[in-house]
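# A closer look at the structure
Chain by chain, the residues:
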Amino acid sequence: NQRIVLVSRPQGAPVPENFRLEREALPDLADGQVLLKTLYLSLDPYMRGRMSDAPSYAAPVELNEVMTGGAVSRVERSLNPKFQEGDLVVGATGWQSHSISDGRNLIPVPSGLPSPSMALGVLGMPGMTAYMGLMDIGQPKAGETLVVAAASGAVGSVVGQVAKLKGLRVVGVAGGADKCRYVVEELGFDACIDHKSPDFSDELAQACPKGVDIYFENVGGKVFDAVLPLLNAKARIPLCGLIAQYNAQDVPAGPDRLPLLQRALLTKRVRIQGFIVFDDYGDRQPEFISAMAPWVRDGKIKFKEDVVEGLEQAPEAFIGLLEGRNFGKLVVRVAEA
Ligand code: NDP
């Protein structure tokens, strides 16, 4: 078995030296267990949190332990009556080429998908995050305006497309002209603003002539600063992620702006609510799949994958995810399907 372990905790942005690729022999299968071969490993921003030992909603990865992560695997051998050799499953099996499971937290990959990796993206955790955060906390209504950043990515692309299906004006924020073009031309957003533009706040304001009713928060930082003055009365903010802050070691320098923020929330009666997808919506997976699967099948929701070849590339690809180097849902092809 090849696996990538965490050898040190990052100070700021992760570096390749935080990870080590190593080999180990797997123990024999016991009764009730299955041997899994990893086909696709999902790389996701939350993994940055697991590399730190700061208190969070989930325990950190221990030093010299395999990095946590969701993956699509094929059952190679089964001593569990619920699984047959050749079955494709999704599970939190980590950054490794093989794993052993008792089968308890394995979910079958829906059959008939063009690629099983979709179960890690549009039909998996990020897709469900987008759908639940938007529908449950965002409460979208036709004619409203929604803003979402990381708009070409796994979560943002689904948020915007679902909001379009619900009749909203949808403005994306993304890094660079290529991503912005894709978001408008392929995904059908009404506009997409490049956060690297020197006139970013003005351009965002121009794209939202009727203000902002829903801000689906994926990044924090300067995007939040630009959206705050545009919020309409009774705006909703599903607080999904703050990727611009994940590598930060301290609170940013400068004056305390909390009083300003509180005043805006009060006078505009803004509702802001954080959520953690499986903790808050784990029991609603069937509802998500029954809405999303037909949309994807009928081409109403499009998606893009950024596929990296080989487990050894995972650290570099993950470091790039936190810098916006990925274009679409980031997955590592660990073995041929
Ligand atoms: P993406 O596929 O969107 O990839 C991350 C993107 O974030 C990058 O491509 C980049 O896009 C953007 N980004 C990275 N660094 C910065 C920065 N410093 N400032 C602004 N943008 C940046 O990732 P996901 O769709 O998987 O995740 C999106 C967000 O959703 C994350 O914050 C993640 O933590 C959160 N999330 C939350 C969950 C929950 O349960 N609450 C579950 C799943 C995800 P660009 O180049 O366009 O800026």
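See the structure above.
First, a word on scope: everything that follows refers to the structure included in this document.

The rules behind the values
- Residues numbered from 1 in each chain as written.
- Predicted model: local features only at pLDDT ≥ 70, side-chain atom pairs only at ≥ 80, totals over all residues.
- Heavy atoms only, no water.
- Near = heavy atom within 4 Å.
- Polar contact = N/O pair within 3.5 Å; in protein donor to acceptor, adjacent residues only side chain to side chain.
- Helix = DSSP H or I, 4+ residues; strand = E, 2+ residues; numbered from the N terminus.
- Nonpolar A, V, L, I, M, F, W, Y, C, P; charged D, E, K, R; others polar.
- Phe/Tyr/Trp six-rings, centres within 6.5 Å; stacked < 30°, edge-to-face > 60°.
- Buried < 20%, exposed > 50% of the residue type's maximum accessible area, 1.4 Å probe, protein only.
- Axes fitted to C-alpha atoms, helices over the stretch in contact; angles between N-to-C directions.
- Parallel < 35°, antiparallel > 145°, perpendicular 65-115°, else oblique.
- Left-handed = near helix turned anticlockwise from the far one by under 90°.
- Contact = heavy atoms within 4.5 Å.
- Salt bridge = Lys/Arg side-chain N within 4 Å of Asp/Glu carboxyl O.

## Comments concerning the site of the ligand
- Close to the ligand lie 27 residues, the nearest being Val155, Lys179, His195, Tyr246 and Asn326.
- Within the side chain of histidine 195, a nitrogen or oxygen atom sits 2.6 Å from an oxygen atom of the ligand.
- Between the ligand and cysteine 240 there is a distance of 2.9 Å, counted from a nitrogen atom to a backbone nitrogen or oxygen.
- Taken together, the elements giving at least two residues each to the shell around the ligand come down to helix H2 (125-138) and helix H3 (154-165).
- In the shell around the ligand, the residues fall into 17 nonpolar, 9 polar and 1 charged.

## Considering the packing of aromatic side chains
- Evaluation of the coordinates by the stated rule reveals 8 aromatic pairs.
- Ring centres of tyrosine 131 and phenylalanine 288 lie 6.0 Å apart, and the angle between their planes is 50°; this geometry places the pair in the tilted category. On the criterion of sequence distance, the pair formed by tyrosine 131 in helix H2 and phenylalanine 288 in helix H9 (residues 285-297) is long-range, its members being 157 residues apart.
- Tyrosine 131 gets classed as buried once you look at its relative accessible area, which sits at 8%.

## What about the packing of H2 against H3?
- Contact geometry of H2 with H3 gives a least axis separation of 8 Å together with a crossing angle of 45°. Comparing the axis directions of H2 and H3 gives the class oblique. In the crossing of H2 with H3, the sense of the turn from one axis to the other is right-handed. Note on element contacts: H3 touches H2 through Ala154, Val155, Val158, Val159, Val162 and Ala163, opposite Pro126, Gly127, Thr129, Ala130, Leu134 and Met135.
- Its residues assigned to classes, the contact of H2 with H3 comprises 10 nonpolar, 2 polar and no charged.

## Here we look at unusual backbone geometry
- Although it is not a glycine, asparagine 64 sits at a positive phi angle of roughly 65°.
- For asparagine 64, the position within the fold is in the loop between helix H1 (46-50) and strand E4 (71-78).
- Residue asparagine 64 is classed as partly exposed on the basis of its relative accessible area of 40%.
- Positive phi, normally seen in glycine, also occurs at lysine 234, with a value near 65°.
- A residue is classified by how much of its surface remains accessible, and lysine 234, at 51% relative accessible area, is exposed.

## Considerations on the pattern of salt bridges
- This structure, assessed with the given rule, holds 17 salt bridges.
- For glutamate 76, the salt bridge is made with arginine 74, and the minimal N-O distance between the two is 3.4 Å.
- Here aspartate 190 ties to lysine 164 by a salt bridge, and the two come within 2.9 Å at their closest N and O atoms. Here lysine 164 lies in helix H3 and aspartate 190 lies in the loop between helix H4 (177-185) and strand E10 (191-194), a separation of 26 residues in the sequence.
- Judged by its relative accessible area of 33%, aspartate 190 falls in the partly exposed class.
- A residue is classified by how much of its surface remains accessible, and lysine 164, at 30% relative accessible area, is partly exposed.
- One connected set of salt bridges, linked through shared partners, spans Arg3, Arg20, Glu22 and Glu24.

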